[in-house]
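# Architecture and fold: a report
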Amino acid sequence: WWREPEREILPALEELGIGFVPFSPLGRGFLTGAITADTQLASDDFRNRIPRFAAEARAANQALVDRIGEIAAAKQATPAQIAIAWLLAQKPWIVPIPGTTKLHRLEENIGGAEIALTIDELREIGAALDAIPVAGDRYPANLQAAVNR
């Protein structure tokens, strides 16, 4: 969903022996498949301010969610579990922290740690990530400027 750290941050962290904790590894809920272009977010939902959550961006990004869903179905898992398993398979020092307020989602997310992705599945996910560009900016320009300081 946001792969910029792979370029410079992760290599530096690996060299220094520092762990990485990706927050919102489920794309603020989008990678779970629960949010589509038709989803009506509450008026006070922060995601309304994020360009990636505009209806047209969600429609364009659905291809990635669909592909993750296909892989999840083949593994008898949920898309959320595949997203978490993919992160965990990258490096042993990458530890995602998905947020939730629901016990059943916590249990689902923990299940992602129990999924072993094969080399072929990792390649397949990587190919999907490379082939399907993410539409919409990660944050509005004013918030992204604060991130890059």
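About the criteria used
Residues numbered from 1 in each chain as written. Predicted model: local features only at pLDDT ≥ 70, side-chain atom pairs only at ≥ 80, totals over all residues. Heavy atoms only, no water. Phe/Tyr/Trp six-rings, centres within 6.5 Å; stacked < 30°, edge-to-face > 60°. Helix = DSSP H or I, 4+ residues; strand = E, 2+ residues; numbered from the N terminus. Buried < 20%, exposed > 50% of the residue type's maximum accessible area, 1.4 Å probe, protein only. Lys NZ or Arg CZ within 6 Å of the ring centre and 35° of its normal. Contact = heavy atoms within 4.5 Å. Axes fitted to C-alpha atoms, helices over the stretch in contact; angles between N-to-C directions. Parallel < 35°, antiparallel > 145°, perpendicular 65-115°, else oblique. Nonpolar A, V, L, I, M, F, W, Y, C, P; charged D, E, K, R; others polar.

## A few points about the packing of aromatic side chains
In total, this model carries one aromatic pair according to the counting rule given. Consider the rings of Phe30 and Phe53, whose centres lie 6.2 Å apart with planes at 85 degrees: the pair is edge-to-face. Pair noted here: Phe30 is in the loop between helix 1 (9-16) and helix 2 (55-74) and Phe53 is in the loop between helix 1 and helix 2, with a separation of 23 residues, a long-range link. For the residue pair Phe30 and Phe53, the accessibility class agrees, reading buried in each case. Above the face of the Trp2 ring, Arg138 is positioned so that its terminal group lies 3.6 Å from the ring centre.

## Description of the environment of Gln62
One can find Gln62 in helix 2. Remark: the alpha-carbon pair of Gln62 and Arg47, spanning 15 residues in sequence, is separated by 16 Å. When residues no more than four places from it in sequence are discounted, the contact partners of Gln62 are Phe30, Ile35 and Thr36.

## Digging into the packing of helix 3 (residues 79-90) against helix 5 (residues 119-131)
Between two packed helices, both the angle of their axes relative to each other and the distance between the axes serve to describe the pair. At a minimum axis separation of 11 Å, helix 3 and helix 5 run at an interaxial angle of 105 degrees. By the angle between their directions, the pair helix 3 and helix 5 is classed as roughly perpendicular. Residues Ile82, Trp86, Ala89 and Gln90 of helix 3 touch helix 5, and the partners they reach there are Leu122, Ile125 and Leu129. Taken together, the residues of the contact of helix 3 with helix 5 break down into six nonpolar, one polar and no charged.

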